[in-house]
Amino acid sequence: MIKVSVMYPNTKDVNFDRDYYQNKHLTMVSKLVGSALKRLELDLGIAERNLAELVPYVAIAHLKFEDIASFQTAFGSHAATFAADVKNYSNVQGEIQISDLVTF
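(A) Main features of the overall build of the protein. For the protein, the count of helices and strands is 3 helices and 4 strands. Relative to a compact globule of 104 residues, whose C-alpha radius of gyration would be 13 Å, the protein shows 14 Å and is just as compact. Expressed along its principal axes, the backbone C-alpha trace of the protein runs to roughly 40 × 35 × 20 Å. Taken across its 104 residues, the protein has 38% of its residues classed as buried. The contacts in the protein between residues at least 6 apart in sequence include a share of 78% that link residues at least 24 apart. Surface exposure of the protein reaches about 6600 Å², of which carbon and sulfur atoms provide 51%.

(B) Looking closely at the packing of aromatic side chains. Inspection of the entire model under this criterion finds 10 aromatic pairs. Plain terms: the ring middles of F75 and F82 are 4.9 Å apart, the flat faces sit at 50° to each other, and that makes the pair tilted. Taken as a pair, F75 and F82 share a single burial class, namely buried. Grouping aromatic residues by their ring pairs yields a cluster made of Y8, F16, Y20, Y21 and Y89.

(C) Fine view of the environment of L32. Tracing the backbone through its elements, the reader meets L32 in helix α1 (residues 18-33). Spatially, the C-alpha atom of L32 lies 7.3 Å from that of H78, the residues being 46 residues apart in sequence. Beyond its immediate stretch of four places on either side in the chain, L32 contacts A74, H78, T81 and F82.

(D) Inspection of the nonpolar core at higher detail. By size, the foremost hydrophobic cluster in this structure holds 25 residues, and its most contacted members are Y8, F16, Y21, V33, L63, F65 and Y89. Secondary structure elements with two or more residues in this core: β1 (2-9), α1, β3 (57-65) and α2 (68-76). Not counting the four nearest positions on each side in its chain, F16 is found in contact with Y8, Y21, V58, A59, Y89 and S90.

(E) Focus on the pattern of salt bridges. Scanning the entire structure with this criterion turns up 2 salt bridges. If you follow the salt bridges from partner to partner, you end up with R39, E41 and K64 in one network.

(F) Region of interest: α1. Taking 1.5 Å of rise per residue, the 16 residues of α1 would be expected to cover 22 Å, and the 21 Å separating its terminal C-alpha atoms lies within 8% of that figure. Maximal helix bending in α1 amounts to about 25°, located at L26. Considered for burial, the residues of α1 that qualify are Y20, Y21, H25, L26, V29 and V33. Looking at the buried residues of α1, the elements they touch are β1, β2 (39-44), β3, α2 and α3 (79-85). One side-chain oxygen of the residue at the start of α1 lies 3.2 Å from the amide nitrogen of D19, identifying that residue as D17. Downstream of α1 by one or two residues, G34 has phi in the positive range, about 65°.

Parameters at a glance
- Residues numbered from 1 in each chain as written.
- Predicted model: local features only at pLDDT ≥ 70, side-chain atom pairs only at ≥ 80, totals over all residues.
- Heavy atoms only, no water.
- Helix = DSSP H or I, 4+ residues; strand = E, 2+ residues; numbered from the N terminus.
- Rg over C-alpha atoms; globule rule 2.2 N^0.38 Å.
- Buried < 20%, exposed > 50% of the residue type's maximum accessible area, 1.4 Å probe, protein only.
- Contact = heavy atoms within 4.5 Å.
- Areas by Shrake-Rupley, 256 points an atom, 1.4 Å probe, with all protein chains shown as cover.
- Phe/Tyr/Trp six-rings, centres within 6.5 Å; stacked < 30°, edge-to-face > 60°.
- Core = buried A, V, L, I, M, F, W, Y, C linked by side-chain atoms within 4.5 Å.
- Salt bridge = Lys/Arg side-chain N within 4 Å of Asp/Glu carboxyl O.
- Expected span 1.5 Å × (residues − 1).
- Bend = angle between axes of the 7 residues up to and from the residue.
- Polar contact = N/O pair within 3.5 Å; in protein donor to acceptor, adjacent residues only side chain to side chain.

This is how it looks when you write it as structure tokens:
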């Protein structure tokens, strides 16, 4: 199992529409990638260790797939659609990390 994390960096000037991202963008992603997506989780940053500092990311979406090939097949043909929608919810681009998911 792999996890694709899309992390939106936080700055003082960041605009991020949580409602749109959660209810429209991620719903669209889920629908378009279909059954290849095994699980979807959303972290919405609220606090840092030092409560006076900004959280490092305003949001992190975690998409789980069986393997990289299934992710590439399901996601690749829709990547331009997903990228074009960013302007509707944020003024920052997400950073992407693909990880092996190890559970204990």
